Every structure is written in C-alpha cells, then in structure tokens.
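Each chain, letter by letter, is given below.
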Amino acid sequence: MTQYRPQEDLSKRFWVHNLQELRRSASLATKVFIQRDYSDGTICQFQTKFPPELDSRIERQLFEETVKTLNSFYAEAEKIGGSSYLEGCLACATAYFIFLCMETHYEKVLKKISRYIQEQNEKIFAPRGLLLTDPVERGMRVVSFLAVLCEGTELLTSGLPGEDPQK
Amino acid sequence: MNSSYLLSCPYLAVKITPAIPVVGGILFFFVMGTLLRTSFSDPGVLPRATPDEAADLERQIDIANGTSSGGYRPPPRTKEVIINGQTVKLKYCFTCKIFRPPRASHCSLCDNCVERFDHHCPWVGNCVGKRNYRFFYMFILSLSFLTVFILAFVITHVILRSQQTGFLNALKDSPASVLEAVVCFFSVWSIVGLSGFHTYLISSNQTTNEDIKGSWSNKRGKENYNPYSYGNIFTNCCVALCGPISPSLIDRRGYIQPDTPQPTAPSNGIAAYGATQSQSDMCDQDQCIQSTKFVLQAAATPLLQSEPSLTSDELHLPGKPGLGTPCASLTLGQPTPPSSMPNLTTEAALTDILPLKEEHVGHQFLTPEEAPSPPRLLAGSPLAHSRTMHVLGLASQDSLHEDSVRGLVKLSSV
C-alpha cells in the first residue's frame, strides 16, 4: 500500500487528497487489466498492447510510455550482472543476516516503482479519471487501470461494491 | 548419527586434532541453518487472482473460444507463447484463476502455484521454487559434505582404536560407530547423488519438473532446446545461486477475513447428515446434484493431500454451464497459509468464481483416473455423507445453509 508523504506544495496536497477520494470510489470503477508478457521468458514484463477500453480515456502514446517505463524498472530489478552477484555472494557469506540491515536491490527498485506510479497517478492519470495500481499489490500478475466514474459520465460497471482496491 | 559422532569426538580430538569436532560443528550448524531457511521461506508462491481479474480473464477466454461450450467442464485453457524461439504452452490454473507463468506449476500439497516450481520436498516440508532453490541446494550440498565428513571420521576412529586394541575390541568399545558407519554409508550414496543431480540441473538451468517430463533436450541442434538456459554453465550457476531474489508476493502475516462469522462446528455425524439433507432439499436442480456428486466422489477418493478447509461462502453467477448454481455452497475457499491476499475471502456473493476446490479436486480426481461411479456413491450411505461433511464440515452446517440462502437472495437482486 502506498503511504502518503507529507506534501509541502498545496497543489500536490490537492491531488493527493483527490487520489484518496479516487481510491475510495474505485469500488464503482471499471477495471482494465494489462497482463504479463512472457515472450522474453520469465522476467517481469507487461504487454504494451493498447486495451480498447482505454481508447477514450488516455492517449495511446502515454499509455505505452508508462508501461515501457515500468518494464524497464522491472528489468533493472531483475538484472543479472556484477552487482547482483556481489550482493548474492555477500548475503551468502553473512548467512543472509545482512538483509536485516539493508534492502535487496530488488526491493529498492520496487520502492522506486511505487513512487513512480504514484507520481504518474498524480500528474497524468488522476486528471483523466484513471488510477493505476501497483502490480506488486496484484502479485505481479497484472497492471490494472481503474477508470473511476467522473461527474456527468456514465460507465459500465463491472466492479463489486465493497471491494477494497488497496488489497 | 550426530550423537554417535559426538561420542567419537573426544577420542578424535585428542588423537588427531581438535579441529575435527569444530569443523563438524560448523558444518552441522550450516546444514541446520539452510534447512530452516528452505523450510520457512516462501518458495515463490503466486497469489490467487482477485475476482475482478478472474472475471476479466474468463471474459477474454470466452471471447477467444466463442460462446461457452456445453458440457460439464469447460475446455482446458492454454495460451501459447514464444520464448527465445521455443513455443511454450501456458496453462490456466483453475484453482488460482491465472494463466501460470512459464516454469510455474501448481503444487497439490501446498495448493498454490509456485514460480519456477522444482519439486515439493517432504524432508524439508515445503515446495522448492524460485525463491528458495539456492537454500535447498546449499542444504543438500552441505549435508553431503557433512555426511562424507562424518563417515570418514567414524572410520578413522574405528581404525585408530583397532590399531591399539584390535578390531573386534574396538567395535565393542564404541558400538555406535558401526551403526553410524552404516547409516552414513547409505546416506552418502543418496545425498551425494541428489547433490550431483541438482548440480546438473543448475548448470543446465532446468527444474526437476522439466527434467522428469523431458521437456528440453540437451543435445545441441535439436528442436526442443532449453529456452531459459544462458548458454554456458558458469552463467547458469551464477544466476541460480547468486542472482537477485524477488521479494515474497504473499502476505503471510495478514489475517484472512472470514465472509461471515463462523460459529463452532458440530462434531457429530448426525447433525452433519441432517444438514446434508437440508441442503439437498434446498437444491433440486440436476446441476446441484451433479456438483454434489462430484464433491462426494472426490472426498471418497483417497487423496494424498490434506483436506482443505472451506469457506462456505463462495457462490457462482448463474450461467456457467453445469456449475453455476446458487446452491454450490459446497464450493471451497482457499486453505490455510501460505494463503493469498485477504480480500479474496471477503467477496460478496456476486462473483464469478468457479468452484475452486471442486474443480481442482475434480481435476486431480480425473488425472489418476480412479473413479468410484457416481450412482454408487450417491445411493450413499450416511457414512459417505458424514465423511464428506467431515471433510467439508469445519464450518457449521447451519451457517452453510444460511449462507446459501443469503447468496440466493443476493443473486436474485442482480
């Protein structure tokens, strides 16, 4: 679950508050799921194919850019190379006690990702009435876009009343 | 084995060097450490899909397959993906409601899909998968060193003693050594063999599952080469043992939210039988009887795994052929930890969940192909019923009844 940082900027505070509102009302939302793309093996990647349900809500290019950035973050997290080997060997040598003190590289990147997603929600998606959920909350199976009901528009709802979108 | 080793320690420590028990001790603690780590870490369990995701997937599959086919069981669902030039089939897991990633498999003992599923190890009491494979490997490797170490020094101990007092006297002096030597000898063969096997698997980047099925051929130039291998042994080993570990995707400390408060279950067969009667009174439809049959069959078939615990509250949307009945309060929820995210059990009745366990159990039931015929079972002794209800009946039967009624009300309000 994303924690809210203390916001200094008033406009940011507005968007954060709005985001909270959006999350609460997300129970009335249509959900669009972007599934994993396994064409490169078992690494974490999401499909960049543009879902038709979002056609009216967001530009194709923005969507693709977001998904591609997410994919690049995950690639960075799972990258195998000198630094990851070093971390692995160091961890083994200290009998994994070192993870009591420091985070793994993967966890650091996951934090970066959730910050990025929150930023994107604030700047790009909330104004369009969309909410992007962090894949880690969905077991890395999907990236989901919640299209929240806006004033004056009607959306077909397939969501369930009472479901907590945070989980 | 270790206790008799401890008995030989003083002798060896004095005779040869005190380093022997020290090294032995270190190895022992390392073995125990890796064992505990393997047992208690999450192997890479994939949490079950949320109902929305499951519904979305179902919709996509229905679109792909045309309208839902008739027949009791929907057709098996697979998706094909091309990885590194190889065509890999992704199967749909009926229990977890997801398309399994490549190399993932559903463990029937743990009742979860596990990423990069290797095998379920009964000695360790856990699945071995992506996140704990290296610990498992270190466990068996260090255990093989320990076994060889102990065997060597037990033999040394006996030899040194027999140099002093003669062979038979030496055996009389330390009787445990014989037993220890025998145990170690057989252990060495099995454990060292296992370590060797896993070393081979790591160097070719395969899982035990894939090796047993013969999915990938080792010879170069053949058609089904392993698409996951990095090409050389060194890289494969490094990745398996020193690669990044992804964090756990499941919340192991969260509470599972029950859908409704469950009063204590009656433990006598009579009440259970009575409840079964009321349930069958309630559901008249053919489909309901069919699903009851199915569950009874499954319950009667000796299954290896432990019986799952149920939540009685999962209901279907009508329209799913053969299964979409409101009275399938027989459908099952998820078992106890490692469990998926809490909200799955909190769903209101308006979900599209297929009968999870029913299908799953049915799936397993069909595979070994041993089927007690339905009419025979349904002609059903109270014994079969009460046994079923014992399987099902952790929740009270009253609440089952209540919940199915509630579910009916909710469905009628759609």
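Look up: the structure comes first, before these words.
Procedures and definitions
Residues numbered from 1 in each chain as written. Chains lettered and ligands numbered in written order. Predicted model: local features only at pLDDT ≥ 70, side-chain atom pairs only at ≥ 80, totals over all residues. Heavy atoms only, no water. Axes fitted to C-alpha atoms, helices over the stretch in contact; angles between N-to-C directions. Helix = DSSP H or I, 4+ residues; strand = E, 2+ residues; numbered from the N terminus. Parallel < 35°, antiparallel > 145°, perpendicular 65-115°, else oblique. Left-handed = near helix turned anticlockwise from the far one by under 90°. Contact = heavy atoms within 4.5 Å. Nonpolar A, V, L, I, M, F, W, Y, C, P; charged D, E, K, R; others polar. Buried < 20%, exposed > 50% of the residue type's maximum accessible area, 1.4 Å probe, protein only. Pairing = 2+ DSSP bridges. Salt bridge = Lys/Arg side-chain N within 4 Å of Asp/Glu carboxyl O. Patch = residues over 30% accessible without salt bridge, like charges linked within 9 Å, V, L, I, M, F, W, Y side chains within 5 Å. Areas by Shrake-Rupley, 256 points an atom, 1.4 Å probe, with all protein chains shown as cover. Core = buried A, V, L, I, M, F, W, Y, C linked by side-chain atoms within 4.5 Å.

A.B. asks: Can you help me understand the packing of helix H2 (residues 60-77) of chain A against helix H4 (residues 105-125) of chain A in this one?
C.D. replies: The angle between the axes and the distance between the axes are what describe a pair of packed helices. All names here are of chain A. As a packed pair, H2 and H4 sit with axes 9 Å apart at the nearest point and diverge in direction by 170°. By the angle between their directions, the pair H2 and H4 is classed as roughly antiparallel. Here H2 and H4 pass one another in a crossing that is right-handed. Here H2 contributes Leu 62, Glu 65, Thr 66, Thr 69, Leu 70, Phe 73, Tyr 74, Glu 76 and Ala 77 to the contact with H4, which in turn contributes His 105, Tyr 106, Val 109, Leu 110, Lys 112, Ile 113, Tyr 116, Ile 117, Gln 120, Ile 124 and Phe 125. Looking at the contact of H2 with H4 residue by residue, the class counts come to 13 nonpolar, four polar and three charged.

A.B. asks: What is the right way to look at unusual backbone geometry in this model?
C.D. replies: It is generally the case that most residues other than glycine have a negative phi and that most peptide bonds are trans. All names here are of chain B. Phi at Lys 97 takes a positive value of approximately 60°, unusual for a residue other than glycine. Tracing the backbone shows Lys 97 in the loop between strand S3 (86-93) and strand S4 (98-99). Non-glycine residue Asp 111 carries a positive phi angle of around 55°. Structurally, Asp 111 is set in the loop between strand S5 (105-107) and strand S6 (112-114). With relative accessibility at 4%, the residue Asp 111 sits in the buried group.

A.B. asks: Sorry if this is basic, but what is going on with the sheet that holds S5(B) here?
C.D. replies: Across a sheet, paired strands are connected by hydrogen bonds in the backbone, their directions being either parallel or antiparallel. Residues and elements named next belong to chain B. Spatially, S1-S6-S5 is the arrangement adopted by the three strands of the open sheet, whose pairing is antiparallel. Where the open sheet ends on each side, the last strands, each with one partner, are strand S1 (45-46) and S5. Where S5 meets S6, three bridges bridge the pair, whose relative direction is antiparallel. Looking at the pairing, His 106 lines up with Cys 113 of S6.

A.B. asks: Even after reading the chapter, I still don't get the pattern of salt bridges, so can you show me in this structure?
C.D. replies: Note on pairing: side chains with opposite charge can pair once their charged atoms come close. All names here are of chain A. Under the counting rule described, the total for this entry stands at eleven salt bridges over all chains. For Lys 111, the salt bridge goes to Glu 103, with nearest N and O atoms at 2.6 Å. Note that Lys 123 and Glu 119 form a salt bridge whose closest N and O atoms lie 3.6 Å from each other. Taken together, the residues Lys 123 and Glu 119, both in helix H4 and four residues apart, mark about one turn of the helix.

A.B. asks: Looking at this structure, I do not really get a nonpolar patch on the surface. What am I missing?
C.D. replies: A cluster of nonpolar side chains, namely Val178(B), Val182(B), Phe185(B), Phe186(B) and Trp189(B), defines an oily patch on the protein surface of about 540 Å² accessible area. With respect to the helices, strands and loops of the structure, Val182(B) is situated in helix H6 (residues 176-203).

A.B. asks: Would you mind showing me how to read the nonpolar core here?
C.D. replies: Nonpolar side chains tend to gather and get buried jointly when the protein is soluble and globular. Counting residues in each nonpolar core, the largest one holds 36 residues, and the members touching the most others are Leu54(A), Ile58(A), Phe63(A), Ile113(A) and Phe145(A). Of all the elements in the fold, those that place two or more residues in this core are strand S1 (30-35), H2, H4, strand S2 (130-132) and strand S3 (142-147) of chain A. Residues contacting Phe63(A), with those up to four places away along its chain left out, are Ile34(A), Thr48(A), Lys49(A), Phe50(A), Pro51(A), Leu54(A), Ile58(A) and Phe145(A). In terms of nonpolar packing, the next biggest core, distinct from the first, is built from 28 residues, Leu35(B), Phe139(B), Leu151(B) and Val154(B) among them.

A.B. asks: What am I meant to see in the sheet that holds S3(A) here?
C.D. replies: Residues and elements named next belong to chain A. As summarised here, the arrangement of the three strands in space is S1-S3-S2, forming an open sheet in which the pairing is antiparallel. On the outer flanks of this sheet lie S1 and S2, each paired with one strand and no other. The sheet shows a mean angle of 20° between the axes of neighbouring strands, direction not considered. Note that S1 and S3 share six bridges and pair antiparallel. Looking across to S3, one finds that Phe 33 is bridged to Ser 144. Together, S2 and S3 form the strand contacts of H4, whose direction differs from that of S2 by roughly 170°.

The analysis is restricted to geometry; functional conclusions fall outside its scope.
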